[in-house]
Amino acid sequence: MTRIGTIASHSALNILSGAREESFETVLYMLGNKRRELYEGFGVATEIVELDSYDELFDTVDNDVVMIPHGSYVAYLSLDKILNSSLQMFGNKELLMWEADRIKKDKLMKDAALKVPHTTEDIEDAHFPCIVKYDGAEGGRGYFVANTKSEVTERLERNKNASFQQWIVGTKVYATFFNSLVRDRLEFFGTDIRYETDLDSKIRFDTDYAFQIIGNIPMVLRESLLAPYYEMGVGFTKAVGKSLSHPMIGPFCLETIIDRNLDIWCFEFSGRIVAGTNLFVPSSPYSYITFGNTNMWMGRRIALEIREAKENGQLDSILV
Amino acid sequence: MTRIGTIASHSALNILSGAREESFETVLYMLGNKRRELYEGFGVATEIVELDSYDELFDTVDNDVVMIPHGSYVAYLSLDKILNSSLQMFGNKELLMWEADRIKKDKLMKDAALKVPHTTEDIEDAHFPCIVKYDGAEGGRGYFVANTKSEVTERLERNKNASFQQWIVGTKVYATFFNSLVRDRLEFFGTDIRYETDLDSKIRFDTDYAFQIIGNIPMVLRESLLAPYYEMGVGFTKAVGKSLSHPMIGPFCLETIIDRNLDIWCFEFSGRIVAGTNLFVPSSPYSYITFGNTNMWMGRRIALEIREAKENGQLDSILV
Amino acid sequence: MTRIGTIASHSALNILSGAREESFETVLYMLGNKRRELYEGFGVATEIVELDSYDELFDTVDNDVVMIPHGSYVAYLSLDKILNSSLQMFGNKELLMWEADRIKKDKLMKDAALKVPHTTEDIEDAHFPCIVKYDGAEGGRGYFVANTKSEVTERLERNKNASFQQWIVGTKVYATFFNSLVRDRLEFFGTDIRYETDLDSKIRFDTDYAFQIIGNIPMVLRESLLAPYYEMGVGFTKAVGKSLSHPMIGPFCLETIIDRNLDIWCFEFSGRIVAGTNLFVPSSPYSYITFGNTNMWMGRRIALEIREAKENGQLDSILV
C-alpha cells in the first residue's frame, strides 16, 4: 500500500489534505513537536513522525511512502543527500539540481524560449537596476535592489556568493502548471502574487524595504495573456524533456514580470509545488473549469496522478 | 436546440464552462489556431471554429447559436457590424453603443444619479489632476495622469481623440451585478480590483507608470457600503430602462473610486460581463449566499437566464 | 426553538447564511427600511425587523433569539446597554468591554505573550513614528501617522481622547480563529488584508492618505508562519481564560504586522467575528482542510457551535 508523506511546512496542509481526499494514508515529518498541535488540529496526517534533525529523514521514511518535495523540503534537506538517497520521491529529482544551480537554471529557461532578465555573478557585467540575490537565501531574506555598482559594493555581505539580476520594471505574476504524464497533458492551474514584508512601509515612508515573503494573494490573468503563458509552460516542459534524463513531472511555477509593453519576462522557476497554490484549496478558477464539480487543488492533483499512475502500472515513471 | 457561443478571449472560459454546466452545447470562435491547445485543454467547447478574421464571424455563426458579448468581442468587432448583424446576441445591443460613446455614457451615468467625475474632450475645460484616455484604447494602453495642462500637451499623442477625466484620489472598486428579467431582480455579484502594469515599479522606483490591466484581484466590500452600491445598481438599471428602447439585461459593472469621505464616484460602466468575474469561478461570496449550494459563477448565471427564458417563452426579450 | 439574529451590517450576510445552512430561522434587525431590498435579495432572513433606533433593539429581540455580535453591533449599540441587557448573545460579553478599553486591551495582549507595539495616551511618552487613534473611531476614520511630537500637536483634534501607538514598519496580516468549547479546540480560520482608502492615491501622488477600510482582500500565510500564529491564538485564548470570568468563545481576530525580521507584532484584537471572514464564503483554504467537503464559513461555524451546544445541553456556557 502506497502512503504519501512530506515535511511539516510550506504546502504540507495542501499536499496531505489532497492525499487524504484521494484515499491515501499520510505521514507528516516534523522537527521536534512544536508544530504538532497545529497540524493535528487540521486532521490531515494519519501519522506524525517527530525528527531530531532533518537528516534523520533519510533513515526514517518507510519504503511504501512517496515523499512530495516542496519549498521547505528543498531548503532544509541537502540536495546531495536528496539526490543520492533511496527515498521514493514524486517528480524529477534532477530538476531540483538544475533549479539550485544558477547557470543551469538560466540555460533551461532560455532553452524554453523564455525571455529571461540578464543575470551574472560578475558585478562588472551587471545591468542596472539589478536585484542582488544570495545563493540559497530563504524566502528572499537579504535581497536588495541597487541602481549602481557602488550601491552594490556598499551593501553586499562579504564572503557571500551573490548574483546580479537585471530588475525589470513591471508587475509580477506567479503562474503554476501541472504536467501530467498519466493524462499526457499540461494543465494550467492558476496565478498569484506574493505578499512581501515592508511593501506597506514603502508606500507609507519611502524607506528602504525588504523582500521576505509573508504569503500569497490570488489573482486571475487577463484571458488574452493565458495563451502566451500556456505557450511558456509548454516550452518549459519541452526544454526539461530535452535537457534532462527524465520528463517534467507534476507541478511547476514560472515566476514572471510583465512590463508595460506586455512583454513577459521569466526570472525564476520552481520545479515543484509552490506555496501560491495554497490559496486555491479547494479549487482555482482554472482547475474548476478543467475538473468541473470535482474539487481539485494542487495537493489533490499530485495524489490523483500517483493513484492513476499506480493503477496504470506507471508509478516508476513519476518517481525519478 | 439553442447553443451558446463566444470569442476565445476575455471571459470565454467563464462563459463556456457556465453554459456547459447548464447543459448547453457550446461553440468557440478563434482567430487562427494559436489558442486551440489552451482552450481544448479546458474542455469547455463542444466545437471550435477557426476564423481568418473577426469579420468572418458575422457569416459563420449559425442561427441556433446565442453569442455572449464580452470585452474582447466589443474590442475586436466593429460596433456598426454588431448592431446591424442578424446574430443572436445575449443582452441589450444598444447599450454597447451607449458605452462606446463618451457623451452618451456620461449622460447615462448621470441619469442613474451616480456621482461622476468631470469629463470633457476640451482641454480648456479639464479639471486637474486628470486622466487622459484615448478613444477605443484597449485595456488602458496609453492612458496617463497629468497635473497640469502643459503636461497634457507635452504627452498627448497627435491625431488621437482624447478625453480628460478628473482624477479622483481614492481607492478603486469594480462592482458587478446581474439584472435578471426572468426572475425580475437585480443580483449583486461581487467586487474586484484590477492588477495593473507598473504598480509595483511605482512603489519601488517612483518612476512614471503605465495602466495596462494584467489581471484581477478579489475583494469584498464593507457590508455597510453594499447598500449604496446596490442602490447605484438599481439606479443604473432604471436609467437604462428609461433611456434605451430595451431594459438592462444580464451582467454589468460599475467602475468606481471611493474617496476618503467614503463618497463613491463612478467613472465608467461596462454593459456586459467583465473579466473581474473570472475570479469567482465557481462562486463569489455573494453568489453563494444568493444561490446556496448551487455553484453560480457569472458565465453560468448567463446560461441559466437563457435556459429559464427559453423555458418561459421569453427568449426574444433577452436577445435584443 | 432557537432562532439566530443580528444587525443588518458588517457580516450579517455571512452570519445569517450560515445560520440558514444549519437550519436555524433567522431575524435581521435594521434601521429604517433602506437596506431591505438588498437583504431581501439575498434571501437569508426569515424575518426582517425595522427599528427606529438601535436602542429599540433591547426591547424588541425575542427570548428565543440568540444575537450574534459583530463590528457594527459593537459600534452602534452602547456597550453599557449591551452588558446590562438580558439579550441572549453568542460569545463572551465581558470581552467586548476589554476590547473597548485601551489599557485592558493592552494588558490582555501582553498576558497572551504577544509582542505589542508601545501604546500610550501621554504624548510625552510616545514612540515615533506613531499612529494616532481616536477612541471609538469607526473603521479608521481620522487616524493618522506622525513622525514627531509637533506633527501630532498640529493635527490632533481638540477634545478628543487619543492614543499614540508605535508604528511598526512592516506588512499587515489579519488572522482569524474560532475557539470551540463544544469541540474543545482552537481552529485557525484564515487571513486577509484590509483594503483602505487612498492607498492608491499614495502610490500615485505621494499625498497624505487616509485609513478608512473599504473592504478586504484574501491572502494565505507562509505555512512556516502558521505555527507562530497558532501559538499566538492559543496564548490569547489562555489569557482570556485567566483574566475574564468566562473563557474565549467563538471567533476572534489578531491584527498583526510582520516586520522585516519576521517578528510578528499584534497591535489590536477583535473579540468577535470580523469582516475579513466575509471573503471566505463558502470556505477558506484552512476551513476546507479542517472540515473537508462540508463548506464551512465563519457564519456557519458560529451556527454549528450553537446547534451542537444546544444538542449537548451546553447552550448556557456559550451565551455569557
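Reference entry: report on the structure contained in this document.

Procedures and definitions
Residues numbered from 1 in each chain as written. Chains lettered and ligands numbered in written order. Predicted model: local features only at pLDDT ≥ 70, side-chain atom pairs only at ≥ 80, totals over all residues. Heavy atoms only, no water. Core = buried A, V, L, I, M, F, W, Y, C linked by side-chain atoms within 4.5 Å. Buried < 20%, exposed > 50% of the residue type's maximum accessible area, 1.4 Å probe, protein only. Contact = heavy atoms within 4.5 Å. Phe/Tyr/Trp six-rings, centres within 6.5 Å; stacked < 30°, edge-to-face > 60°. Helix = DSSP H or I, 4+ residues; strand = E, 2+ residues; numbered from the N terminus. Lys NZ or Arg CZ within 6 Å of the ring centre and 35° of its normal. Pairing = 2+ DSSP bridges.

## Structural notes on the nonpolar core
Here comes step 1: Of all hydrophobic cores here, the largest spans 225 residues; its most connected members are Leu221 of chain A, Leu221 of chain B together with Leu221 of chain C.
Here comes step 2: When residues no more than four places from it in sequence are discounted, the contact partners of Leu221 of chain C are Ile214 and Gly215 of chain A together with Val173, Phe188, Thr191, Leu226, Tyr229, Ile258 and Tyr286 of chain C.

## Concerning the packing of aromatic side chains
All names here are of chain C.
Here comes step 1: Tallied over the entire structure, the rule returns 30 aromatic pairs over all chains.
Here comes step 2: Considering the side-chain rings of Phe177 and Phe188, the 5.3 Å spacing of their centres and the 85° angle between planes classify their relative orientation as edge-to-face. In this pair, Phe177 is assigned in strand β10 (residues 171–180) and Phe188 in strand β11 (residues 185–196), connecting sequence segments eleven residues apart. Exposure class is identical for Phe177 and Phe188. Each is buried.
Here comes step 3: In this structure, Lys104 is placed above the aromatic ring of Trp98, and the distance from its NZ or CZ to the ring centre is 5.3 Å.
Here comes step 4: Across from the ring centre of Phe269, 5.5 Å away, lies the NZ or CZ of Lys105, which sits over that ring.

## Some thoughts on the environment of Glu154 of chain C
All names here are of chain C.
Here comes step 1: Structurally, the position occupied by Glu154 is in helix α8 (residues 149–155).
Here comes step 2: According to the relative accessible area criterion, Glu154 is exposed, its value standing at 69%.
Here comes step 3: When the C-alpha positions of Glu154 and Leu221 are compared, they lie 39 Å apart, and in sequence the two are 67 residues distant.

## Quick look at the sheet that holds strand β3 (residues 47–51) of chain C
The strands making up a sheet associate through hydrogen bonds between their backbones, and the pairing can be parallel or antiparallel.
Residues and elements named next belong to chain C.
Here comes step 1: Reading across from one edge, β3-β2-β1-β4-β5 is the order of the five strands in this open sheet, with parallel pairing throughout. The sheet terminates laterally at β3 and β5 (88–89), the two strands that pair on one side only.
Here comes step 2: Relative to strand β4 (residues 65–67), strand β1 (residues 3–7) runs parallel, the two being bridged by three bridges. Note that in β4 the partner of Arg3 across the bridge is Val65.

## So, unusual backbone geometry
The general pattern is negative phi for most residues beyond glycine and trans for most peptide bonds.
Here comes step 1: Cis geometry marks the peptide bond from Phe128 of chain A to Pro129 of chain A; its omega dihedral reads -5°.
Here comes step 2: Here Pro129 of chain A shows up in the loop between β6 (119–120) and β7 (130–134).
Here comes step 3: Unusually for a residue other than glycine, Leu262 of chain B sits at a positive phi of about 65°.
Here comes step 4: Mapped onto the secondary structure, Leu262 of chain B falls in the loop between β13 (250–258) and β14 (264–270).

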